[in-house]
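Examination of the molecular architecture
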Amino acid sequence: MAIVRIPDEQRTLHDPGEVIAFLSACGIEYERAMPDVPLSADTPADVVLAAYKTKIDDLKARGGYVTADVIDVFPNTPNLDAMLNKFNSEHWHDEDEIRFIVEGRGLFHIHPATGPVFAIEVEAGDLIRVPRGTHHWFDLCVDRRIRAIRLFQDPSGWTPHYTASGVDKGFQPVCFGPVYFPPPRSGAGV
């Protein structure tokens, strides 16, 4: 389940109902979805797309998306830092940004026209639609691993329009999901 943090308000949302209501009020669609069949970590991209076919077809019908692909990022992905630099500066797109997280974690920062910047930490099973024109940026969590289905309205993919506002420099890509808390030590009181 996604976690929403609003740093200026020193507020973090964990409750599914609160997360969905907050994001909806900001124009961001969010839902949880699982594959039609179980997947392993090494499942090829075409099998991932087939496993989520029902959801992908639904999204295509609702949003005019014409193509889908799978992005698969590991800590040792060649030129990873150069790739991430395309995403981690504030930008917007002429089309919606749909991300359906299959594995790993990431952090979308959203800079609404009104209201404070907020962060959405996404994990496997999270589906997010950031509407066209929304100022945002994306970072990986510290483990630098994510696998996501992307849907596009333009078959050539999306083009980022950078704002050069510098607002993204004031926010650290800090994730707080369960993978970042060490397990309790054996015999230690909780």
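Residues numbered from 1 in each chain as written. Predicted model: local features only at pLDDT ≥ 70, side-chain atom pairs only at ≥ 80, totals over all residues. Heavy atoms only, no water.

**Re the overall build of the protein chain**
Scanning the protein chain from terminus to terminus reveals 4 helices and 11 strands. At 17 Å, the protein chain has a C-alpha radius of gyration in line with the 16 Å of a compact globule built from 190 residues. When the backbone C-alpha atoms are referred to their principal axes, the protein chain occupies close to 50 × 40 × 35 Å. Of all 190 residues assigned to the protein chain, the portion counted as buried reaches 45%. Residue pairs in contact within the protein chain that sit at least 24 positions apart in sequence constitute 74% of those at least 6 positions apart. The protein chain carries 18 positive and 27 negative side-chain charges, and their two centres are separated by 2 Å. (Helix = DSSP H or I, 4+ residues; strand = E, 2+ residues; numbered from the N terminus. Rg over C-alpha atoms; globule rule 2.2 N^0.38 Å. Buried < 20%, exposed > 50% of the residue type's maximum accessible area, 1.4 Å probe, protein only. Contact = heavy atoms within 4.5 Å. Lys, Arg positive; Asp, Glu negative; His and termini not counted. Charge placed at Lys NZ, Arg CZ, Asp CG, Glu CD.)

**What to know about the pairing of strand β7 (residues 118-123)**
Extensive coverage of β7 is indicated by the burial of 6 of its 6 residues. By the alternation rule, side chains of β7 split into F118, I120 and V122 and A119, E121 and E123, which are all buried. Where strand β1 (residues 3-6) and β7 come together, 3 bridges link them in antiparallel fashion. From the neighbouring strand, I3 faces β7, where its bridge partner is E121. From the end of strand β6 (residues 97-111) to the start of β7, which pair antiparallel, there are 6 residues, and G115 there has a positive phi angle of about 100°. (Pairing = 2+ DSSP bridges.)

**Comments concerning the nonpolar core**
Among the nonpolar cores identified, the biggest contains 29 residues, and V4, L23, F108, F118 and I120 are the most heavily contacted of them. The greatest single-element share of this core, amounting to 4 residues, is contributed by helix α4 (residues 80-87). Ignoring sequence-local partners within four residues, the contact set of F118 consists of V4, R5, I6, P7, F22, L23, C26, F108, H109, I110 and P112. If you look at the next biggest cluster of nonpolar residues, it comprises 15 residues, including Y52, I56, L59 and L151. (Core = buried A, V, L, I, M, F, W, Y, C linked by side-chain atoms within 4.5 Å.)

**A short note on the environment of H109**
Assignment of secondary structure puts H109 in strand β6. In this view, H109 contacts V117, F118, A119, H135, H136, W137, D139, F171 and Q172; residues no more than four positions away in its chain are not counted.

**Focus on the state of the cysteines**
Should the sulfur atoms of two cysteines be covalently bonded, the bond is a disulfide. Scanning all chains against the criterion turns up 1 disulfide. In this model C141 forms its disulfide with C175; the gap between the sulfur atoms is 1.9 Å. Taking the sign of the S-S torsion, -85° for the link of C141 and C175, the bridge is left-handed. Taken together, the residues C141 in the loop between β9 (135-140) and β10 (146-152) and C175 in the segment after β11 (161-162) connect sequence positions 34 residues apart. As a non-bridged cysteine, C26 has C175 as the owner of its nearest cysteine sulfur, 19 Å distant. (Disulfide = S-S within 2.5 Å.)

**With respect to the pattern of salt bridges**
Enumeration according to the criterion identifies 21 salt bridges in this entry. What emerges from the salt-bridge pattern is a single network uniting R5, R32, R105, E121, E123 and D126. (Salt bridge = Lys/Arg side-chain N within 4 Å of Asp/Glu carboxyl O.)

**Regarding unusual backbone geometry**
Phi at N79 takes a positive value of approximately 55°, unusual for a residue other than glycine. Examined against the element boundaries, N79 turns out to sit in the loop between β4 (67-73) and α4. Overall, N79 belongs to the exposed group, its relative accessible area being 63%. The backbone of A164 shows a phi angle near 55°, a positive value even though the residue is not glycine.

**Digging into the packing of aromatic side chains**
Scanning the model with the defined rule gives 4 aromatic pairs in all. Positioned over the ring face of F74 is R145, at 3.8 Å from the centre of the ring. (Phe/Tyr/Trp six-rings, centres within 6.5 Å; stacked < 30°, edge-to-face > 60°. Lys NZ or Arg CZ within 6 Å of the ring centre and 35° of its normal.)

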